[in-house]
Amino acid sequence: MTVCLYRTIKTEKDHKLLQEDLASLEDWANKWGHGMRFNAKKCYILSIKNKSQRFYTFNGHILQQVQSNPYLGVQISEDLKWSTHITNVAQKANSTLGFLRRNLRYCPQECKKTAYISLVRSTMEYAATVWDPYSIADSNKLERIQRQAARFITGDYRTREDGCITNMLTKLKLQELQLRRTSQKLKFMYKVVEGLVPAIDPDDFLKSARPRRNITAKKFDNYQATNIVEKQVRNNTRCFDIPTSKTPQHSNSFFVSTIVNWNHLEDTIVRATSVESFKSALAKRQ
(Lines give C-alpha, C1' and ligand atoms only; values in the text may rest on other atoms or scores of the structure.)
Protein backbone atom coordinates (compact mmCIF):
# COMPACT_ATOMS: atom_id res chain seq x y z
CA MET A 1 0.00 0.00 0.00
CA THR A 2 1.32 3.45 -0.98
CA VAL A 3 0.66 6.38 1.34
CA CYS A 4 1.60 9.98 0.69
CA LEU A 5 1.52 12.60 3.46
CA TYR A 6 2.20 16.21 2.56
CA ARG A 7 2.00 19.59 4.22
CA THR A 8 3.26 23.12 3.59
CA ILE A 9 6.08 23.73 6.04
CA LYS A 10 6.67 27.37 6.94
CA THR A 11 6.91 27.38 10.71
CA GLU A 12 7.91 25.10 13.56
CA LYS A 13 4.20 24.47 14.15
CA ASP A 14 3.86 23.06 10.62
CA HIS A 15 6.78 20.73 11.33
CA LYS A 16 5.09 19.46 14.49
CA LEU A 17 1.78 18.96 12.66
CA LEU A 18 3.43 16.78 10.04
CA GLN A 19 5.09 14.72 12.76
CA GLU A 20 1.66 14.33 14.37
CA ASP A 21 0.26 13.14 11.03
CA LEU A 22 2.91 10.43 10.96
CA ALA A 23 2.02 9.42 14.51
CA SER A 24 -1.66 9.25 13.53
CA LEU A 25 -0.74 6.94 10.66
CA GLU A 26 1.09 4.67 13.09
CA ASP A 27 -1.97 4.60 15.37
CA TRP A 28 -4.25 3.80 12.43
CA ALA A 29 -2.06 0.84 11.41
CA ASN A 30 -1.99 -0.48 14.96
CA LYS A 31 -5.76 -0.17 15.33
CA TRP A 32 -7.03 -1.30 11.93
CA GLY A 33 -4.07 -2.99 10.27
CA HIS A 34 -4.59 -6.36 12.02
CA GLY A 35 -0.87 -6.71 12.64
CA MET A 36 0.19 -4.76 9.57
CA ARG A 37 3.10 -2.38 10.05
CA PHE A 38 4.51 0.18 7.66
CA ASN A 39 8.13 -0.42 6.70
CA ALA A 40 9.71 2.84 7.85
CA LYS A 41 12.97 1.97 6.07
CA LYS A 42 11.12 2.32 2.76
CA CYS A 43 9.56 5.66 3.69
CA TYR A 44 11.27 8.90 2.73
CA ILE A 45 11.08 12.67 3.07
CA LEU A 46 10.99 14.69 -0.15
CA SER A 47 11.13 18.46 0.34
CA ILE A 48 9.84 20.45 -2.60
CA LYS A 49 11.58 23.75 -3.39
CA ASN A 50 13.55 24.07 -0.15
CA LYS A 51 15.56 21.29 1.43
CA SER A 52 14.27 20.72 4.94
CA GLN A 53 16.70 20.97 7.86
CA ARG A 54 14.26 19.14 10.13
CA PHE A 55 13.95 15.40 10.60
CA TYR A 56 10.91 13.20 11.09
CA THR A 57 10.46 9.83 12.78
CA PHE A 58 8.12 7.02 11.86
CA ASN A 59 7.82 3.74 13.75
CA GLY A 60 10.94 4.70 15.71
CA HIS A 61 12.96 5.23 12.52
CA ILE A 62 14.43 8.56 11.33
CA LEU A 63 13.20 9.05 7.77
CA GLN A 64 15.82 9.57 5.09
CA GLN A 65 15.66 12.70 2.91
CA VAL A 66 15.89 12.06 -0.85
CA GLN A 67 16.18 14.21 -3.98
CA SER A 68 13.57 12.21 -5.88
CA ASN A 69 11.18 9.36 -5.23
CA PRO A 70 8.59 7.41 -7.23
CA TYR A 71 4.90 7.87 -6.50
CA LEU A 72 2.36 5.77 -8.40
CA GLY A 73 4.93 5.12 -11.10
CA VAL A 74 6.02 8.74 -11.55
CA GLN A 75 9.45 9.87 -10.34
CA ILE A 76 8.96 13.17 -8.50
CA SER A 77 12.04 15.35 -7.95
CA GLU A 78 12.61 18.02 -5.34
CA ASP A 79 12.98 20.70 -8.06
CA LEU A 80 9.74 19.55 -9.76
CA LYS A 81 11.59 18.95 -13.02
CA TRP A 82 10.89 15.77 -14.97
CA SER A 83 14.27 14.92 -16.49
CA THR A 84 14.93 12.10 -14.02
CA HIS A 85 11.53 10.52 -14.65
CA ILE A 86 11.83 10.87 -18.43
CA THR A 87 15.29 9.30 -18.38
CA ASN A 88 13.89 6.33 -16.43
CA VAL A 89 10.96 6.02 -18.84
CA ALA A 90 13.27 6.15 -21.87
CA GLN A 91 15.54 3.46 -20.41
CA LYS A 92 12.60 1.16 -19.70
CA ALA A 93 11.07 1.74 -23.15
CA ASN A 94 14.44 1.14 -24.85
CA SER A 95 14.89 -2.10 -22.95
CA THR A 96 11.42 -3.31 -23.93
CA LEU A 97 11.97 -2.36 -27.57
CA GLY A 98 15.22 -4.32 -27.55
CA PHE A 99 13.33 -7.35 -26.22
CA LEU A 100 10.79 -7.04 -29.05
CA ARG A 101 13.54 -6.75 -31.68
CA ARG A 102 15.14 -9.96 -30.43
CA ASN A 103 11.95 -11.98 -30.17
CA LEU A 104 9.64 -10.66 -32.90
CA ARG A 105 12.19 -10.28 -35.66
CA TYR A 106 10.32 -12.46 -38.16
CA CYS A 107 6.76 -11.55 -37.15
CA PRO A 108 4.37 -9.72 -39.51
CA GLN A 109 4.52 -5.92 -39.54
CA GLU A 110 1.09 -5.54 -37.94
CA CYS A 111 2.09 -7.83 -35.09
CA LYS A 112 5.24 -5.80 -34.40
CA LYS A 113 3.30 -2.53 -34.54
CA THR A 114 0.74 -3.84 -32.04
CA ALA A 115 3.52 -5.01 -29.72
CA TYR A 116 5.21 -1.59 -29.91
CA ILE A 117 2.00 0.31 -29.16
CA SER A 118 0.94 -1.91 -26.27
CA LEU A 119 4.32 -2.48 -24.59
CA VAL A 120 6.59 0.44 -25.52
CA ARG A 121 4.47 3.46 -26.41
CA SER A 122 2.16 2.83 -23.47
CA THR A 123 5.20 3.03 -21.17
CA MET A 124 6.20 6.37 -22.68
CA GLU A 125 2.68 7.77 -22.24
CA TYR A 126 1.77 6.62 -18.74
CA ALA A 127 0.70 9.70 -16.73
CA ALA A 128 2.15 11.94 -19.46
CA THR A 129 -0.46 14.63 -18.75
CA VAL A 130 1.52 15.27 -15.56
CA TRP A 131 5.12 15.09 -16.79
CA ASP A 132 4.84 16.21 -20.43
CA PRO A 133 8.43 17.35 -21.13
CA TYR A 134 9.01 21.00 -21.91
CA SER A 135 12.70 20.75 -22.83
CA ILE A 136 13.69 19.74 -26.35
CA ALA A 137 16.31 17.32 -24.99
CA ASP A 138 13.77 15.41 -22.88
CA SER A 139 11.22 15.33 -25.68
CA ASN A 140 13.80 14.04 -28.16
CA LYS A 141 14.72 11.15 -25.84
CA LEU A 142 11.23 9.75 -26.34
CA GLU A 143 10.87 10.63 -30.02
CA ARG A 144 14.12 8.78 -30.80
CA ILE A 145 12.68 5.58 -29.37
CA GLN A 146 9.63 5.80 -31.63
CA ARG A 147 11.88 6.44 -34.61
CA GLN A 148 13.87 3.33 -33.72
CA ALA A 149 10.58 1.46 -33.43
CA ALA A 150 9.65 2.53 -36.98
CA ARG A 151 12.72 0.72 -38.29
CA PHE A 152 11.90 -2.32 -36.15
CA ILE A 153 8.30 -2.48 -37.38
CA THR A 154 9.17 -2.04 -41.07
CA GLY A 155 12.31 -4.15 -40.82
CA ASP A 156 14.18 -1.42 -42.68
CA TYR A 157 17.50 -0.69 -40.98
CA ARG A 158 19.42 0.36 -44.09
CA THR A 159 17.59 3.31 -45.66
CA ARG A 160 19.38 6.51 -44.71
CA GLU A 161 18.13 9.34 -46.95
CA ASP A 162 16.64 12.45 -45.38
CA GLY A 163 13.05 12.04 -44.21
CA CYS A 164 13.04 8.25 -44.51
CA ILE A 165 11.95 7.61 -40.92
CA THR A 166 9.34 10.37 -41.09
CA ASN A 167 7.89 8.61 -44.13
CA MET A 168 7.90 5.30 -42.24
CA LEU A 169 6.01 6.87 -39.33
CA THR A 170 3.48 8.42 -41.71
CA LYS A 171 2.83 5.10 -43.48
CA LEU A 172 2.52 3.34 -40.11
CA LYS A 173 0.14 6.09 -38.90
CA LEU A 174 2.26 6.67 -35.80
CA GLN A 175 1.70 10.26 -34.70
CA GLU A 176 4.49 12.28 -33.13
CA LEU A 177 4.53 11.62 -29.38
CA GLN A 178 4.51 15.32 -28.50
CA LEU A 179 1.27 15.80 -30.46
CA ARG A 180 -0.27 12.79 -28.74
CA ARG A 181 0.62 14.18 -25.31
CA THR A 182 -0.91 17.54 -26.21
CA SER A 183 -4.11 15.79 -27.30
CA GLN A 184 -4.21 13.77 -24.08
CA LYS A 185 -3.87 16.94 -22.02
CA LEU A 186 -6.65 18.68 -23.96
CA LYS A 187 -8.97 15.68 -23.51
CA PHE A 188 -8.32 15.70 -19.77
CA MET A 189 -8.85 19.46 -19.73
CA TYR A 190 -12.27 18.97 -21.34
CA LYS A 191 -13.22 16.51 -18.60
CA VAL A 192 -12.12 19.01 -15.94
CA VAL A 193 -14.09 21.85 -17.58
CA GLU A 194 -17.19 19.67 -17.75
CA GLY A 195 -16.84 18.61 -14.11
CA LEU A 196 -16.19 14.98 -15.02
CA VAL A 197 -13.17 14.65 -12.72
CA PRO A 198 -14.58 14.44 -9.15
CA ALA A 199 -11.21 15.10 -7.50
CA ILE A 200 -10.71 18.41 -9.33
CA ASP A 201 -13.09 21.33 -8.89
CA PRO A 202 -12.73 23.47 -12.05
CA ASP A 203 -13.50 26.62 -10.05
CA ASP A 204 -10.29 26.06 -8.07
CA PHE A 205 -8.07 26.14 -11.17
CA LEU A 206 -9.94 27.83 -14.03
CA LYS A 207 -11.02 31.43 -14.31
CA SER A 208 -13.06 32.43 -17.36
CA ALA A 209 -11.33 35.05 -19.47
CA ARG A 210 -13.06 38.37 -19.98
CA PRO A 211 -14.50 38.85 -23.47
CA ARG A 212 -12.23 41.03 -25.57
CA ARG A 213 -10.79 41.35 -29.02
CA ASN A 214 -8.72 38.35 -30.01
CA ILE A 215 -5.02 38.95 -30.45
CA THR A 216 -3.55 37.08 -33.37
CA ALA A 217 0.14 36.27 -33.24
CA LYS A 218 2.20 36.89 -36.35
CA LYS A 219 3.44 33.84 -38.18
CA PHE A 220 6.65 33.60 -40.18
CA ASP A 221 8.19 30.75 -42.14
CA ASN A 222 10.68 28.72 -40.13
CA TYR A 223 9.81 30.63 -36.97
CA GLN A 224 7.93 29.56 -33.90
CA ALA A 225 6.53 32.34 -31.75
CA THR A 226 7.27 31.99 -28.06
CA ASN A 227 6.41 35.51 -26.91
CA ILE A 228 3.50 36.61 -24.75
CA VAL A 229 1.35 37.51 -27.78
CA GLU A 230 1.25 33.89 -28.89
CA LYS A 231 -0.06 32.88 -25.47
CA GLN A 232 -2.90 35.40 -25.63
CA VAL A 233 -4.43 34.11 -28.87
CA ARG A 234 -8.09 33.25 -28.31
CA ASN A 235 -10.08 31.38 -30.90
CA ASN A 236 -13.18 30.46 -28.86
CA THR A 237 -15.68 31.89 -26.39
CA ARG A 238 -14.84 29.39 -23.68
CA CYS A 239 -11.36 30.66 -22.88
CA PHE A 240 -9.63 30.89 -19.52
CA ASP A 241 -7.10 33.27 -18.03
CA ILE A 242 -3.53 32.01 -18.05
CA PRO A 243 -2.16 31.90 -14.47
CA THR A 244 0.87 34.06 -13.79
CA SER A 245 4.08 32.04 -13.56
CA LYS A 246 7.43 32.86 -12.02
CA THR A 247 9.21 29.57 -12.69
CA PRO A 248 9.61 27.31 -15.76
CA GLN A 249 8.16 24.43 -13.72
CA HIS A 250 4.91 26.31 -13.13
CA SER A 251 4.65 27.86 -16.60
CA ASN A 252 4.91 24.38 -18.12
CA SER A 253 2.65 22.66 -15.58
CA PHE A 254 -0.63 21.07 -16.68
CA PHE A 255 -3.13 23.89 -16.25
CA VAL A 256 -0.90 26.72 -17.46
CA SER A 257 0.36 25.00 -20.60
CA THR A 258 -2.95 23.34 -21.42
CA ILE A 259 -4.98 26.54 -21.05
CA VAL A 260 -2.78 28.11 -23.74
CA ASN A 261 -3.55 25.25 -26.15
CA TRP A 262 -7.22 25.18 -25.08
CA ASN A 263 -7.63 28.86 -25.91
CA HIS A 264 -6.35 28.14 -29.43
CA LEU A 265 -9.19 25.67 -30.13
CA GLU A 266 -12.29 26.62 -32.08
CA ASP A 267 -15.76 26.93 -30.52
CA THR A 268 -16.95 23.82 -32.35
CA ILE A 269 -14.39 21.78 -30.38
CA VAL A 270 -14.54 23.24 -26.86
CA ARG A 271 -18.35 23.24 -26.90
CA ALA A 272 -18.62 19.57 -27.82
CA THR A 273 -21.49 17.84 -26.03
CA SER A 274 -19.58 14.73 -24.95
CA VAL A 275 -16.08 13.42 -24.42
CA GLU A 276 -16.31 11.28 -27.54
CA SER A 277 -17.48 14.17 -29.71
CA PHE A 278 -14.64 16.32 -28.31
CA LYS A 279 -12.09 13.60 -29.16
CA SER A 280 -13.54 13.29 -32.66
CA ALA A 281 -13.49 17.04 -33.31
CA LEU A 282 -9.95 17.33 -31.94
CA ALA A 283 -8.76 14.46 -34.16
CA LYS A 284 -10.22 16.12 -37.27
CA ARG A 285 -8.44 19.37 -36.42
CA GLN A 286 -5.10 17.59 -36.30
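Reading the values: rules and limits
Residues numbered from 1 in each chain as written. Predicted model: local features only at pLDDT ≥ 70, side-chain atom pairs only at ≥ 80, totals over all residues. Heavy atoms only, no water. Helix = DSSP H or I, 4+ residues; strand = E, 2+ residues; numbered from the N terminus. Buried < 20%, exposed > 50% of the residue type's maximum accessible area, 1.4 Å probe, protein only. Contact = heavy atoms within 4.5 Å. Areas by Shrake-Rupley, 256 points an atom, 1.4 Å probe, with all protein chains shown as cover. Lys, Arg positive; Asp, Glu negative; His and termini not counted. Charge placed at Lys NZ, Arg CZ, Asp CG, Glu CD. Core = buried A, V, L, I, M, F, W, Y, C linked by side-chain atoms within 4.5 Å. Expected span 1.5 Å × (residues − 1). Pairing = 2+ DSSP bridges. Phe/Tyr/Trp six-rings, centres within 6.5 Å; stacked < 30°, edge-to-face > 60°.

Engineer: How would you sum up the overall build of the protein? Please name residues and give values.
Structural biologist: When you go through the protein residue by residue, the secondary structure sums to 13 helices and six strands. Overall, the C-alpha framework of the protein stretches about 60 × 60 × 35 Å when taken along its three principal axes. The 286 residues of the protein split such that 35% are buried. Nonlocal contacts in the protein, meaning residues at least 24 apart in sequence, comprise 57% of its contacts between residues at least 6 apart. Here the protein displays about 18600 Å² of accessible surface, and carbon together with sulfur accounts for 51% of that area. In the protein, the 46 positive side-chain charges and the 27 negative ones have mean positions that sit 4 Å from each other.

Engineer: Please give an account of the nonpolar core that cites residues and values.
Structural biologist: Within the largest apolar cluster, 28 residues are counted, with the highest numbers of intra-cluster contacts made by Tyr 116, Val 120, Met 124, Trp 131, Leu 142 and Ile 145. Elements with a contribution of two residues or more to this core: helix H2 (83-103), helix H3 (109-125), helix H4 (128-131), helix H5 (136-154) and helix H6 (164-172). Sequence-distant contacts of Trp 131, that is, excluding residues within four places in its chain, are made with Val 74, Trp 82, His 85, Ile 86, Met 124, Tyr 126 and Leu 142.

Engineer: Can you lay out unusual backbone geometry for me, pointing to particular residues and giving the numbers?
Structural biologist: Unusually for a residue other than glycine, Leu 72 sits at a positive phi of about 55°. Relative accessible area serves as the criterion here: at 55%, Leu 72 is assigned to the exposed category.

Engineer: Tell me about H5, and name the residues and values.
Structural biologist: Taking 1.5 Å per residue as the helical rise, H5 with its 19 residues ought to reach 27 Å, and the 27 Å between its terminal C-alpha atoms agrees with that figure. The set of residues buried in H5 consists of Asp 138, Ser 139, Leu 142, Glu 143, Ile 145, Gln 146, Ala 149, Ala 150, Arg 151, Phe 152 and Ile 153. Buried residues along H5 sit in contact with H2, H3, H4, H6 and helix H7 (177-193). Positive phi appears at Gly 155, one or two residues downstream of H5, with a value of about 75°.

Engineer: An account of the pairing of strand E5 (residues 68-71) is needed here, citing residue identities and associated values.
Structural biologist: Pairing of E5 with strand E6 (residues 74-77), which is carried by four bridges, proceeds in the antiparallel orientation. Opposite Ser 68, over in E6, you have Ser 77 as the bridge partner. Hairpin connection, E5 to E6: the antiparallel pair is bridged by two residues, and Leu 72 has positive phi, about 55°.

Engineer: Outline the packing of aromatic side chains, supporting the account with residue identities and numerical values.
Structural biologist: In total, this model carries seven aromatic pairs according to the counting rule given. Taking the centre distance of 5.8 Å and the plane angle of 45° together, the rings of Phe 38 and Phe 58 count as tilted. Of the two residues, Phe 38 sits in the loop between helix H1 (12-32) and strand E1 (44-45) while Phe 58 sits in strand E2 (residues 57-58), which places them 20 residues apart along the sequence. Exposure remark for Phe 38: the relative accessible area of 14% places this residue in the buried category. Judged by relative accessible area, Phe 58 falls into the buried class, the value being 2%. For the pair Tyr 190 and Phe 278, a centre-to-centre distance of 4.6 Å together with 15° between the ring planes defines the contact as stacked. Here Phe 278 lies in helix H13 (residues 275-285) and Tyr 190 lies in helix H7, a separation of 88 residues in the sequence. Since its relative accessible area comes to 1%, Tyr 190 is described here as buried. Given the relative accessible area of 0%, Phe 278 is considered buried.

Engineer: Run through the environment of Leu 172, naming residues and quoting values.
Structural biologist: Mapped onto the elements, Leu 172 comes out in helix H6. Look at Leu 172 and you get buried, because its relative accessible area is 4%. The spatial distance from the C-alpha of Leu 172 to the C-alpha of Gln 249 is 34 Å, given a sequence separation of 77 residues. Residues contacting Leu 172, with those up to four places away along its chain left out, are Gln 109, Lys 113, Ala 150, Ile 153 and Thr 154.

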